[in-house]
Amino acid sequence: MKLNLQMKLNQICCTLCLVVFLSTFLSCSDTPAQSTPRRTNTPTTRTATAPDTPTITSTTDITDPTSPLNIKEQPAAAPRVAPEIEQVIKSALEIFAKSDFNGAHAVLAKLYEEHPELPPPRIILAQWFAQAEAGNAIKSTLDLATAETPNDPEAYILLGEISLRQRELTASELLLKHAETKLAAYSANPERKKNMTISLLRNLASLAESRNRWSEFESVIDKRIALEGESATLLRQKGIALFQQKKDTEAMQLLIKADNTKLAANETGLPAEAMLARLYLLRGDNENAKKFLTDALAKHPDSKEVIFLSIQARLNEDKLEEARDLAEKLRKDFPTYDAAARIRATIALYLGEFELAEKLFQEMVVASPTDEQAANGLALALCEQKDQKKIQRAIDYAKENVRKNQQSAEFWGTLGWVLYNANQFEQAQQAFKQSAGLGQISAATAYYIARLAIKTEKPKEAKQLLEAAINSTSPFAKRRDAKKLLDELNK
């Protein structure tokens, strides 16, 4: 395997300390074939659908920094090691940078034999592969770690995290539970055990969230609080868990307490009123959502997150023009706020301002070529413009997203719509089947499939899909088109 590792050497050497949280570095391989498919980090609720129609979840098709569970956490500080150990690791890294992976492993294996309190050699190698952006090598190295050091918990934790990021929830659960058993018996390094425990609990919380197991989520957060102490982040997460269990008063008290907690100087997040507004929006309780959003705006009129939430509230009410005006103000007042351009681009899609949407999404893709959601938005903007060159670009972006995200119903739906606009109806149908086969589709994809059903003279199926899409509580780009089309079919 040839890797351009020498160019990375200086960067890697700058972060030579042993880091327990390999997940910090796994983002370098951020493709669902190996790592995390992007998700909204918001709970989903099922909506009633017509018989014989796919289930539609009320997820939103915009990236939302105000999502209650979109809470950033800093990784734990890396433990320092003795200078003589660090020197050995540095020599192994220099060997690794020459693509002599077996040689690097031999040095690390000898070191581990002398210092079993350190992470096993394959764990360190996996970290270096991650830093060198050699995504394909990470998982295989961790697999080797489970055979080479079967009683060490970390490889199982990290493999469980990778599975979780790939949405392989059953595999992730089995791996994390196995890691939990191994961790209980681990005693070589108390500090490392604590850090691995925190890493395990973070992943178990994400798994519980993915499965909507909110009582389990709360229990995991309680364990973290017992281990780490109270912080604004953990209090907010527990408050969200209580809210999802319909314990609204207790949730409100915890969210307010989180606002007043200053244990972590750099913690940020939505203020309590705004978070409650967001949670009520997700629940479909617009009356309480408006009440708390009004409170949030009164107390935090200059908060970009609160303004963003106000935009989303207007999208939920299909007040697209008002949302557009607020988004323009947000971009003007906070020019470096990435979410402002993203939501403006999304609203442009909603309003059929496809050239503007193309421009904004293209800028995001140029700035971050691995931004799959921006590429998805760009494909949607391009395919609507009826320009053959742009449609071909849309196909390229959509196919690339699907190649990297085989388990993404959303991206399969986008590919189907792009192919539909390219008049490739048979291929579009296959893409839609892939989307539906993943178990749940978005309201937008239901609209796309309805359009194809009309093209193939299946008006009854089209009506069912359109009704299901319109009954979804989430905003989606084609809501107005769906209503118009259903009215035409019902005449």
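Residues numbered from 1 in each chain as written. Predicted model: local features only at pLDDT ≥ 70, side-chain atom pairs only at ≥ 80, totals over all residues. Heavy atoms only, no water.

**What about the overall build of the chain?**
Basically, it comes down to this: Strands are runs of DSSP state E lasting at least 2 residues, helices are runs of H or I lasting at least 4, and numbering of each runs from the N terminus. Classification of residues uses two cut-offs on accessible area relative to the type maximum, computed with a 1.4 Å probe and protein chains only: under 20% is buried, over 50% is exposed, and between them is partly exposed. Residues are treated as being in contact if the distance between any of their heavy atoms lies within 4.5 Å. Computed with the Shrake-Rupley method and a 1.4 Å probe, the accessible areas treat only the protein chains shown as cover for residues.
Regarding its fold elements, the chain presents 25 helices and zero strands. Residue burial in the chain is summarised as follows: out of 491 residues, 53% are buried. Taking all contacts inside the chain whose residues are at least 6 apart in sequence as the whole, residues at least 24 apart take part in 62%. Accessible area of the chain: about 22,300 Å², with a carbon and sulfur share of 49%.

**Things to note about the packing of helix 15 (residues 304–316) against helix 16 (residues 320–333)**
Worth spelling out the cut-off: Here the axes come from fitting lines to C-alpha atoms, over the contacting stretch only for helices, and the angles between their N-to-C directions go from 0 to 180 degrees. When an angle is under 35 degrees it counts as roughly parallel; over 145 it counts as roughly antiparallel; between 65 and 115 it counts as roughly perpendicular; any other value is oblique. Here a crossing is called left-handed whenever its near helix is offset anticlockwise from the far helix by less than a right angle, and right-handed whenever the offset is clockwise.
Orientation of helix 15 relative to helix 16, taken along the N-to-C sense of each, is 160°, at an axis distance of 8 Å. In terms of orientation, helix 15 lies roughly antiparallel with respect to helix 16. In the crossing of helix 15 with helix 16, the sense of the turn from one axis to the other is left-handed. When helix 15 is examined against helix 16, the residues K304, I307, F308, S310, I311, R314 and L315 are found in contact with a partner set consisting of L320, E322, A323, L326, A327 and L330.

**Some details on the packing of aromatic side chains**
So the rule is basically this: Between 30 and 60 degrees the pair is tilted, below 30 it is stacked and above 60 it is edge-to-face, where a pair is any two Phe, Tyr or Trp rings, Trp via its six-membered ring, whose centres lie within 6.5 Å.
For the structure shown, the criterion picks out 12 aromatic pairs. Look at F101 and F129: their rings are 5.0 Å apart centre to centre, the planes differ by 65°, and that puts the pair in the edge-to-face class. Placement of the pair is F101 in helix 4 (residues 101–114) and F129 in helix 5 (residues 121–131), with a sequence separation of 28 residues. Residue class for F101 comes out buried when judged on its relative accessible area of 16%. Ring geometry for Y280 versus F292: centroids 5.7 Å apart, planes at 10°, classification stacked. One end of the pair, Y280, is in helix 13 (residues 272–283); the other, F292, is in helix 14 (residues 286–299), with 12 residues separating them in the sequence. Just as Y280 is buried, F292 falls in that class too. Members of the aromatic cluster, joined through ring pairs, are W417, Y420, F425, Y447 and Y448.

**With respect to unusual backbone geometry**
For D318, which is not glycine, the phi torsion reads 60° and is therefore positive. The topology assignment puts D318 in the loop between helix 15 and helix 16. One non-glycine residue, E457, lies in the positive phi region at around 60°. For E457, the location among the structural elements is in the loop between helix 23 (443–455) and helix 24 (459–471).

**A word on the side chain of T141**
With respect to the secondary-structure elements, T141 resides in helix 6 (residues 135–148). Classification of T141 by relative accessible area gives buried; the value is 5%. What T141 contacts, discounting residues up to four positions off in sequence, is R122, L125, A126 and F129.

**With respect to the environment of A443**
With respect to the helices and strands, A443 occurs in helix 23. Taking the relative accessible area as the measure of exposure, A443 reaches 3% and is therefore buried.

**Considerations on the nonpolar core**
Just so we agree on the cut-off: What we call a nonpolar core is a set of buried Ala, Val, Leu, Ile, Met, Phe, Trp, Tyr and Cys residues that are connected through their side-chain atoms within 4.5 Å.
Among the nonpolar cores identified, the biggest contains 67 residues, and I311, L349, F361 and Y447 are the most heavily contacted of them. No other element matches helix 23, which puts nine residues into this core. One finds Y156, L164, L204 and L276 within the second-largest nonpolar core, a separate group that totals 46 residues.

**Quick notes on the pattern of salt bridges**
Where we set the bar: For this document, the term salt bridge refers to a Lys or Arg side-chain nitrogen within 4 Å of an Asp or Glu carboxyl oxygen.
Within this structure, the stated rule accounts for 35 salt bridges. As a salt-bridge pair, R344 and E353 come within 3.0 Å of each other at their nearest N and O atoms. One network of salt bridges, in which partners are shared, links R324, D325, E328, R331, R344 and E353.

**Description of helix 11 (residues 232–244)**
Helical geometry note: an α-helix holds 3.6 residues per turn, so side chains three or four residues apart project in the same direction. Stated formally: For a helix, the expected span equals 1.5 Å multiplied by the number of residues minus one.
With 13 residues, helix 11 ought to run about 18 Å at 1.5 Å a step, and its terminal C-alpha atoms sit 18 Å apart, in line with that. Counting buried positions over the 13 residues of helix 11 gives 12, a clear majority of the element. Looking at helix 11, one finds that the buried residues are A232, T233, L234, L235, R236, Q237, K238, G239, I240, A241, L242 and F243. Where helix 11 is buried, its residues meet helix 10 (214–228), helix 12 (248–260) and helix 13. One or two residues past the end of helix 11 sits K246, with phi positive at roughly 65°.

**Quick word on the side chain of E273**
Mapping E273 onto the fold places it in helix 13. Residues contacting E273, with those up to four places away along its chain left out, are D259, F292, D295, A296, K299 and H300.

**Topic: the packing of helix 16 against helix 17 (residues 338–350)**
Formally: Residue classes follow a fixed rule: Ala, Val, Leu, Ile, Met, Phe, Trp, Tyr, Cys and Pro count as nonpolar, while Asp, Glu, Lys and Arg count as charged, and any other residue, Gly among them, counts as polar.
Packing of helix 16 against helix 17 leaves a shortest axis separation of 9 Å and a crossing angle of 155°. Taken together, the axes of helix 16 and helix 17 lie roughly antiparallel to each other. Helix 16 and helix 17 meet at a crossing whose hand is left-handed. When helix 16 is examined against helix 17, the residues L320, A323, R324, A327, E328, L330 and R331 are found in contact with a partner set consisting of A340, A341, I343, R344, I347 and Y350. Taken together, the residues that form the contact of helix 16 with helix 17 break down as nine nonpolar, no polar and four charged.

**Comments concerning the environment of A468**
Locating A468 in the fold gives a position in helix 24. With 22 residues separating them in the primary sequence, A468 and A446 have C-alpha atoms 7.6 Å apart.

**Looking at helix 25 (residues 479–490)**
Quick note on the threshold: Directions from the helix axis toward the C-beta atoms define the arc.
For helix 25, with 12 residues, the first-to-last C-alpha span of 17 Å sits near the 16 Å given by 1.5 Å per residue. Along helix 25, the positions that sit buried rather than exposed are R479, A482, L485 and L486. The buried residues of helix 25 occupy an angular sector of 125° when the element is viewed end-on, so they sit on one face.

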